[in-house]
Amino acid sequence: MSNSTDAEAKLKEAREAMRLRKMTTAIALFEQVVALDDRSIAGHEGLATAAFLIQDYDRAIVHFQRVTLLDFRRVEPLVNLGAVYNKKKDFKAAVKVLRQAQVKDRKCSAAYYNLGIAHRGMNQLSMAVSAYREAIRLAPDSPEAYMNLANVYTEMGNLQQATTNYRRALELRPDFDRARHGLEKALRMQESNKQALSPFGRLVDVKQIDQRSQSAAEFRDLSPEERFDDRSVVHRMASTIERSESATLNSLRDHLVPALLQVSHCFAHSDKNRQNLLQAATQVYAAVKELRETVAQATASVTELRHHEKEMRSQ
């Protein structure tokens, strides 16, 4: 039997062992495959995957790296390599290979998803938000992406966006316990924040102002990768704010103002028709609700932009 034929036979056995979750046997068989044919993409990929599943991340990295060299056209080996680096908490290495994956395929949602994990691991929360949003745009039916995005928003203190994304994750997967627990936590935090607010206001802490003034004056040089990420995040946020501003103005012009004029008309002409008044009031309510939503979106983006600015200065 030739080496290639023998390798194919071993490969078939290894895959069957993987299917049966006999990981030790599968790894031994995949090792025989690559010993017979070091250019076997399936052999290296299978061995890397099996190693990953038993949390032997160093071995998984070696063989996923080999796959990226043997199969440089596909984006999946780079994404898988990035996922392993994330597991090892080597987030800088993960960002590097995932950026390479994005160059190969701008529409690979898994690359952006794993990039979100890496940026969150580096405490670059606004960049994580940007990555997760792109992953969701490319794959809008991913409950994990919504949940991870919600987790980041929770860490940023943007609880409104957090609850929105937890709920979206649960819509896609009603039995998603981690999303449910995250939603419950975010709701508790919202309630706690409401109770902590004083109706009488509070005095300004001069020390905090001095600290903010000092930190605002501190800048640092960014690496080329950080500068690229910074420009991408700021551009996305600026575009979102611009769209929210336009939507707010349109909502005022097209809905709220006409609705208010209709109410004014009813009173000015002593319109006692309850149906007309109810219709006018309903239009005002709907217009105000729409306006609040557009303003909330703009406020969330501004908050995210400020957080990003603070983040880039403090690292």
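First, a word on what this report is: a plain description of the structure on this page. Source: prediction; values computed, not measured.

**Quick notes on the overall build of the chain**
Stage number 1. In terms of helices and strands, the chain carries 14 helices and 0 strands.
Stage number 2. Counting helices and strands in the order they occur from the N terminus, the chain gives α-α-α-α-α-α-α-α-α-α-α-α-α-α.
Stage number 3. If you take every contact in the chain between residues at least 6 apart in sequence, the share linking residues at least 24 apart comes to 56%.
Stage number 4. Accessible surface, the chain: about 19200 Å² in total, of which carbon and sulfur atoms supply 53%.

**Some words on the environment of L187**
Stage number 1. With respect to the secondary-structure elements, L187 resides in helix α11 (residues 177-196).
Stage number 2. Given a relative accessible area of 35%, L187 falls into the partly exposed group.
Stage number 3. Residues L187 and L159, 28 residues apart in the sequence, show an inter-C-alpha distance of 7.8 Å.
Stage number 4. With residues near it in sequence (within four places) discarded, L187 still touches T163 and R167.

**Some details on the environment of L149**
Stage number 1. Its location among the elements puts L149 in helix α9 (residues 143-156).
Stage number 2. Residue classification places L149 among the buried positions, given a relative accessible area of 3%.
Stage number 3. Sequence spacing of L149 and A162 is 13 residues, and the spatial spacing of their C-alpha atoms is 7.4 Å.
Stage number 4. For L149, the contacting residues outside a window of four places in its chain are V129, Y132, R133, I136 and N165.

**Looking at the packing of helix α7 (residues 109-121) against α9**
Stage number 1. At a closest axis distance of 11 Å, the pairing of α7 and α9 adopts a crossing angle of 20°. With respect to their mutual orientation, α7 and α9 come out roughly parallel. Read as a crossing pair, α7 and α9 show a hand that is left-handed. On the side of α7, the interface is formed by Y113, I117 and R120, while α9 contributes E144, A145, N148, N151, V152 and E155.
Stage number 2. Residue classes in the contact of α7 with α9 are distributed as 4 nonpolar, 2 polar and 3 charged.

**Quick word on the packing of aromatic side chains**
Stage number 1. Inspection of every chain in the model, using the stated rule, returns 2 aromatic pairs.
Stage number 2. Both rings, one in F52 and one in Y57, keep their centres 5.6 Å apart while their planes meet at 55°; by these two values the pair is tilted.
Stage number 3. A relative accessible area of 16% places Y57 in the buried class.
Stage number 4. Aromatic pair Y113 and Y132: ring centres 5.8 Å apart, planes at 70°, arrangement edge-to-face. Pair noted here: Y113 is in helix α7 and Y132 is in helix α8 (residues 125-138), with a separation of 19 residues, a long-range link.

**Topic: the side chain of Q124**
Stage number 1. Note on placement: Q124 falls in the loop between α7 and α8.
Stage number 2. Within the structure, the side chain of Q124 is placed 2.6 Å from the side chain of H119, a separation counted as a polar contact.

**Considerations on the pattern of salt bridges**
When charged atoms on two side chains of opposite charge get close, those side chains can pair.
Stage number 1. Applying the stated criterion across every chain yields a total of 12 salt bridges.
Stage number 2. Residue E155 pairs with R120 through a salt bridge whose shortest N-O separation is 2.4 Å. Note that E155 is positioned in helix α9 and R120 in helix α7, a separation of 35 residues in sequence.
Stage number 3. A residue is classified by how much of its surface remains accessible, and E155, at 44% relative accessible area, is partly exposed.
Stage number 4. The residue E134 makes a salt bridge to R137 at a minimum N-O spacing of 2.6 Å. Taken together, the residues E134 and R137, both in helix α8 and 3 residues apart, mark about one turn of the helix.
Stage number 5. Taking the relative accessible area as the measure of exposure, R137 reaches 57% and is therefore exposed.
Stage number 6. Sharing partners across several salt bridges, the network here consists of E45, D71, R74 and E76.

**Notes on the environment of N151**
Stage number 1. Here N151 is to be found in helix α9.
Stage number 2. Here the alpha-carbon distance between N151 and N165, two residues 14 residues apart in the chain, equals 8.9 Å.
Stage number 3. Other than its neighbours up to four places away in sequence, N151 contacts R120 and Y166.

Cut-off values and rules
- Residues numbered from 1 in each chain as written.
- Predicted model: local features only at pLDDT ≥ 70, side-chain atom pairs only at ≥ 80, totals over all residues.
- Heavy atoms only, no water.
- Helix = DSSP H or I, 4+ residues; strand = E, 2+ residues; numbered from the N terminus.
- Contact = heavy atoms within 4.5 Å.
- Areas by Shrake-Rupley, 256 points an atom, 1.4 Å probe, with all protein chains shown as cover.
- Buried < 20%, exposed > 50% of the residue type's maximum accessible area, 1.4 Å probe, protein only.
- Axes fitted to C-alpha atoms, helices over the stretch in contact; angles between N-to-C directions.
- Parallel < 35°, antiparallel > 145°, perpendicular 65-115°, else oblique.
- Left-handed = near helix turned anticlockwise from the far one by under 90°.
- Nonpolar A, V, L, I, M, F, W, Y, C, P; charged D, E, K, R; others polar.
- Phe/Tyr/Trp six-rings, centres within 6.5 Å; stacked < 30°, edge-to-face > 60°.
- Polar contact = N/O pair within 3.5 Å; in protein donor to acceptor, adjacent residues only side chain to side chain.
- Salt bridge = Lys/Arg side-chain N within 4 Å of Asp/Glu carboxyl O.

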